[in-house]
Amino acid sequence: MTNFNGTILEDDMHISITNRGYAYGDALFETLKIVGGNILYWETHYFRLMASMRILRMEIPMRFTMEFLEAQIQQTLKANGLEGEDARVKMMVHRNEGGLYLPEQNTVGYNITAKALEDAVYYLNEAPYEVDLFKDYTVAPSLLSTLKTNNKAINVVGSIYAKENALQNCLLLNTAKSVVEALNGNVFLVKGTTIKTPPLSDGCLKGVMRTQILALIEKLEGYTLEEASISPFELQKADELFITNVIKGIQPITKYRKKQFSTTVAKQLVTQLNIGIRLG
């Protein structure tokens with residue numbers, strides 16, 4: 001069941017071919033993890049969505065408060081038999097129909113979908129996880145590249161490339177040839193006692209889990225945090241690499257080309273994430 005502008009509809013509903021999210025990628029989305037009916041990091045998701053809507057010059061309806069959207073999410077969970085359960089929710093906001101590249105209006109609509117989720121807590125998956133660089137296309141750093149929009153062609157093509165080459169993921173480069181992020185999350189590099197992640201100015205997504213991990217690293221004894229550009233050369237010199245997103249939490253990279261990596265820091269951070277969920 002799908003929540004379309006506050007009305008619960010069957011999943012076989014059809015959107016108009018002139019929907020701007022479909023026609024022009026004129027839409028934003030948030031992927032939410034629900035644990036026991038509670039939305040993890042809801043405040044961070046909400047304020048990222050509001051900021052992104054402003055950047056895209058979408059009109060934010062007065063009713064779009066945290067409480068209203070949370071109630072819509074809970075309504076969607078209930079309609080799918082997931083009230084109080086663990087779930088993955090996708091909330092999309094699109095500019096309303098009308099116009100070509102230039103929209104006729106800046107008002108918005110939304111839809112919310114939900115699916116059951118097996119893993120409520122975060123756990124460290126240490127199965128082989130090999131990555132390589134995806135060099136066919138690059139990310140052009142800008143404020144737009146930090147947003148979670150429907151313009152994800154590079155992620156789609158990169159995912160196909162990864163499958164064709166028996167890889168679990170790929171790392172994206174920006175136009176300056178610095179490592180930006182993975183296909184489905186932010187990337188962190190550990191070398192000695194330094195933990196690095198690309199700055200937003202390099203073009204990476206302003207990830208909700210990235211925000212949580214940055215806060216945890218600041219409290220991690222014995223390590224220093226750097227938001228700095230990462231060159232491809234640094235990858236093979238690293239002790240550890242991992243990817244972060246809200247659904248998986250932390251995914252360790254076990255292999256990049258001929259280099260194998262440890263999971264020491266990832267293990268510590270996963271423990272702290274789960275402590276935070278219990279305390280929350």
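In this convention, every chain numbers its residues from 1, walking through the sequence in written order. Only residues with pLDDT of at least 70 are given local features in this predicted model, and only at 80 or more are side-chain atom pairs given and counted; all residues enter the totals for whole chains, interfaces and linings. Calculated side-chain values reflect all of the structure's heavy atoms, with hydrogen atoms and water omitted.

Student: Is there a simple way to explain the overall build of the protein chain in this structure?
Tutor: Segments assigned H or I by DSSP are reported as helices when at least four residues long, segments assigned E as strands when at least two residues long, and all are numbered from the N terminus. When you go through the protein chain residue by residue, the secondary structure sums to seven helices and 16 strands. Our radius of gyration looks at C-alpha atoms and nothing else; its globule reference is 2.2 Å times the residue count to the power 0.38. At 19 Å, the protein chain has a C-alpha radius of gyration in line with the 19 Å of a compact globule built from 280 residues. Across its three principal directions, the C-alpha atoms of the protein chain cover 50 × 40 × 35 Å. Categorising residues by exposure relies on relative accessible area from a 1.4 Å probe, with only protein chains included: less than 20% of the type maximum marks a residue as buried, more than 50% marks it as exposed, and the intermediate range marks it as partly exposed. Evaluated residue by residue, the protein chain yields a buried proportion of 49% over its 280 residues. The Shrake-Rupley method, run with a 1.4 Å probe sphere, supplies the accessible areas, and residue values consider only the shown protein chains as cover. Surface exposure of the protein chain reaches about 13,900 Å², of which carbon and sulfur atoms provide 53%. Counted as positive: Lys and Arg. Counted as negative: Asp and Glu. His and the chain ends are not counted at all. Charge positions come from single atoms, namely NZ of Lys, CZ of Arg, CG of Asp or CD of Glu. If you average the places of the 29 positive and of the 30 negative side-chain charges in the protein chain, the two averages end up 6 Å apart.

Student: Whenever I open this one, the packing of aromatic side chains confuses me. Can you help?
Tutor: Each aromatic ring pair is described using two quantities: the centre-to-centre distance and the angle formed by the ring planes. Only the six-membered ring of Trp is used, alongside the rings of Phe and Tyr, when aromatic pairs are assigned; centres must lie within 6.5 Å, and planes under 30 degrees apart are stacked while those over 60 apart are edge-to-face, with the rest tilted. A full pass over the atoms with the stated rule returns nine aromatic pairs. On the basis of an interplanar angle of 75 degrees and a centroid distance of 5.3 Å, the ring pair of tyrosine 46 and phenylalanine 47 is categorised as edge-to-face. Note on tyrosine 46: relative accessible area 10%, which makes it buried. Look at phenylalanine 64 and tyrosine 110: their rings are 5.7 Å apart centre to centre, the planes differ by 75 degrees, and that puts the pair in the edge-to-face class. Pair noted here: phenylalanine 64 is in the loop between helix H2 (42–55) and helix H3 (66–79) and tyrosine 110 is in strand S6 (residues 108–116), with a separation of 46 residues, a long-range link. No difference in accessibility class separates phenylalanine 64 from tyrosine 110, as the two residues are buried. The positively charged end of lysine 33 is found above the aromatic ring belonging to tyrosine 122, 3.8 Å away from the centroid. Put simply, a charge is over a ring when the Lys NZ or the Arg CZ is close to the ring centre, within 6 Å, and near the line of the ring normal, within 35 degrees.

Student: Looking at this structure, how should I read helix H5 (residues 208–218)?
Tutor: Quick reminder: α-helices carry 3.6 residues per turn. Residues three or four places apart thus point the same way. Counting buried residues in H5 gives eight out of 11 residues, a clear majority hidden from the surface. Restricting attention to buried positions, one finds in H5 the residues Val208, Met209, Arg210, Gln212, Ile213, Leu214, Leu216 and Ile217.

Student: Please explain a positive patch on the surface as it appears in this structure.
Tutor: Every patch collects residues that have over 30% relative accessible area and no salt bridge, joining them within 9 Å if they carry like charges and within 5 Å if they are nonpolar side chains (Val, Leu, Ile, Met, Phe, Trp, Tyr). Each salt bridge in this description consists of a side-chain nitrogen of Lys or Arg and a carboxyl oxygen of Asp or Glu lying within 4 Å of one another. Residues Arg88, Lys90, Lys115 and Lys248 make up a contiguous surface patch of positive charge. On the secondary structure map, arginine 88 appears in strand S5 (residues 87–95). Judged by its relative accessible area of 41%, arginine 88 falls in the partly exposed class.

Student: Can you help me understand the pairing of strand S3 (residues 27–35) in this one?
Tutor: Consecutive side chains along a regular strand alternate between the two faces of the sheet. With nine of its nine residues buried, S3 lies for the most part within the structure. Residues of S3 alternate between two faces, with Ala27, Phe29, Thr31, Lys33 and Val35 on one and Leu28, Glu30, Leu32 and Ile34 on the opposite face, all of them buried. Pairing between two strands requires that DSSP report at least two bridges joining them. Where S3 lies against S5, eight bridges are found, and the strand directions are antiparallel. Residue pairing for S5: glutamate 30 is matched across the bridge by methionine 91.

Student: How should a nonpolar patch on the surface be read in this particular structure?
Tutor: A surface patch of nonpolar side chains, amounting to about 370 Å² of accessible area, comprises Tyr137, Val156, Val157 and Ile160. For the nonpolar patch, the element with the highest residue contribution is helix H4 (residues 153–164), accounting for three residues. Following the sequence through the fold, isoleucine 160 ends up in helix H4.

Student: Honestly, unusual backbone geometry in this entry has me stumped. Any pointers?
Tutor: Glycine aside, residues mostly have negative phi, and peptide bonds are mostly found in the trans state. You will see that asparagine 5, though not glycine, has its phi angle at about 55 degrees, which is positive. With respect to the element layout, asparagine 5 can be found in the loop between strand S1 (2–4) and strand S2 (7–9). The class for asparagine 5 is partly exposed, based on a relative accessible area of 36%. Look at arginine 257: it is not a glycine, yet its phi comes out positive at around 55 degrees. Following the sequence through the fold, arginine 257 ends up in the loop between strand S15 (255–256) and strand S16 (259–260).

Student: What is the right way to look at the pairing of strand S8 (residues 169–174) in this model?
Tutor: Among the six residues that make up S8, six are buried, leaving the element largely enclosed by the rest of the structure. Both faces of S8 are covered, namely the face carrying Asn169, Leu171 and Leu173 and the face carrying Cys170, Leu172 and Asn174. Following the chain from strand S7 (residues 130–139) across H4 to the adjacent parallel S8, one finds a crossover that is right-handed. Taken together, the three bridges between S8 and strand S9 (residues 179–182) define a ladder with antiparallel strand orientation. Bridging from a neighbouring strand, leucine 172 pairs with glutamate 181 of S9. Here S8 hands over to S9 after four residues, with lysine 177 in that stretch at a positive phi of 70 degrees. Classification remark: right-handed applies to a crossover when, strands pointing away from the viewer, the course from the first strand over the helix to the second runs clockwise.

Student: What is the right way to look at the pattern of salt bridges in this model?
Tutor: Side-chain pairs of opposite charge can arise where the charged atoms are in close proximity. Tallied over the entire structure, the rule returns seven salt bridges. Note that glutamate 126 and lysine 267 form a salt bridge whose closest N and O atoms lie 3.9 Å from each other. Taken together, the residues span a long stretch of sequence, with glutamate 126 in the loop between S6 and S7 and lysine 267 in helix H7 (residues 264–279) at a distance of 141 residues. The class for glutamate 126 is partly exposed, based on a relative accessible area of 45%. Between arginine 210 and glutamate 227 there is a salt bridge whose closest N-O contact spans 2.7 Å.

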